[in-house]
Amino acid sequence: MQTVRDYQDSDRDACLALFDGNTPRFFDTWERARFAAWLDASVHPYVVIERVTDGGARIVACGGHAIEPDGVTACLCWGMVAHDLHGQGLGQALTQARLDAIAAMPRLTSVTMNTSQHTQGFYARFGFAAVKVTPDGIGPGLDQWDMVLPLPAQGIE
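Our subject in this report is the structure included herewith. Because the structure is a prediction, the values reported are computed rather than measured. Position numbers for residues start from 1 in each chain and track the written sequence from start to end. The predicted nature of this model means local features are confined to residues of pLDDT at least 70 and side-chain atom pairs, given and counted, to a pLDDT of 80 or more, with totals for whole chains, interfaces and linings taken over all residues. The basis for every side-chain value is the complete set of non-hydrogen atoms in the structure, without hydrogens or water.

### So, unusual backbone geometry
Following T23, the chain continues into P24 via a peptide bond in cis, with omega recorded as 10°. Located in the positive-phi region is W78, a residue other than glycine, with phi close to 50°. We note that R107 has phi near 75°; this positive angle belongs to a residue other than glycine. Think of it this way: any DSSP run of H or I at least four residues long counts as a helix, any run of E at least two long counts as a strand, and we number them from the N terminus. Structurally, the position occupied by R107 is in the loop between α3 (90-103) and β5 (110-115). For R107, a relative accessible area of 40% translates into the label partly exposed. With a 1.4 Å probe rolled over the protein chains alone, any residue whose accessible area is under 20% of its type maximum counts as buried; one over 50% counts as exposed, and the rest are partly exposed.

### Details of the pairing of β5
As paired elements, strand β4 (residues 73-81) and β5 share three bridges and run parallel to each other. Of the residues in β5, the one forming a bridge with T73 is S110. What joins β4 to β5 is α3, and the crossover it makes is right-handed. Pairing between two strands is assigned when DSSP locates at least 2 bridges connecting them. Bridge analysis of β5 against strand β7 (residues 142-150) gives six bridges, and the strand direction is antiparallel. Within β7, the residue paired with T112 across the bridge is V148. Note on handedness: a crossover is taken as right-handed if, strands pointing away from the viewer, the path from the first strand over the helix to the second is clockwise.

### Thoughts on the pairing of strand β3 (residues 56-67)
Here strand β2 (residues 46-53) pairs with β3 via eight bridges, running antiparallel. By the bridge assignment, T53 is partnered in β3 with G56. Adjacent in sequence and paired antiparallel, β2 and β3 are bridged by two residues. For β3 and β4, the ladder comprises six bridges, and the chain directions are antiparallel. By the bridge assignment for β4, A61 is matched with V81. Between the end of β3 and the start of β4, which pair antiparallel, lie five residues, with G71 showing a positive phi angle near 75°.

### Comments concerning the pattern of salt bridges
In the sections that follow, a salt bridge refers to a side-chain nitrogen of Lys or Arg positioned within 4 Å of a carboxyl oxygen of Asp or Glu. Tallied over the full model, the rule gives five salt bridges. D40 is paired through a salt bridge with R12; the nearest N and O atoms lie 2.6 Å apart. Taken as a pair, D40 in helix α2 (residues 31-41) and R12 in helix α1 (residues 12-21) lie far apart in primary sequence, 28 residues in all. The shortest N-O distance in the salt bridge between D20 and R32 comes to 2.6 Å. Placement of the pair is D20 in helix α1 and R32 in helix α2, with a sequence separation of twelve residues. Given a relative accessible area of 33%, R32 falls into the partly exposed group. Linked by salt bridges that have partners in common, R5, D11 and E50 make up one network.

### Description of the layout of surface pockets
Each pocket or cavity is described by its volume, and for the largest pocket that value is around 910 Å³. Cavity means a closed set of points on a 1 Å grid over the protein atoms alone, one where a 1.4 Å probe fits but cannot get out, pocket means an open set with protein on both sides within 12 Å along at least 5 of 7 lines, and lining means a residue has an atom within 4 Å of a point. If you trace the largest pocket, you find 37 residues lining it, with G79, M80, T115, T119 and Y123 closest to the centre. Contributing elements (two or more residues each) for the lining of the largest pocket: α2, β4, α3, β5, α4 (120-124) and β6 (129-139). Each residue is assigned to one of three groups, with Ala, Val, Leu, Ile, Met, Phe, Trp, Tyr, Cys and Pro labelled nonpolar, Asp, Glu, Lys and Arg labelled charged, and all others, Gly among them, labelled polar. Residues of the lining of the largest pocket, tallied by class, amount to 18 nonpolar, 15 polar and four charged. Grid points are joined across faces, edges and corners, and a volume is the space filled by probe spheres set on the points.

Remember that the coordinates give geometry; whether it matters functionally is a separate question.
Below is the structure:
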């Protein structure tokens, strides 16, 4: 059984282990300190997917979102899945949970994110389109893909 739940401070080490398992293919090593600091100080929504088996509970994915200062743009933040569980639908479940939370917020017009060449195709399946590609923008061999997803128009309250 697996559940999506809000991040708790006690999840910190498990989330850092997810990061470590995805380095260097998906993250550059310099990003770890930035991610740790973000976990420690962020006030933005962050969720984990916890899988419970006979062997106990394990955090298998984590990710969040933030609202940009313009008040109409959301941004996906620090999404990752346990490296040994890629390709099992966890990334889709995590991304959909974050997009559902964003869609429930009035006045938002788009969602932005940045990712690498290794996962840009995954996000394109959700409707994200590349607006800028920066070779080695994340680190050596990791191009930064800035992507945007327009949201359906909502009534202004």
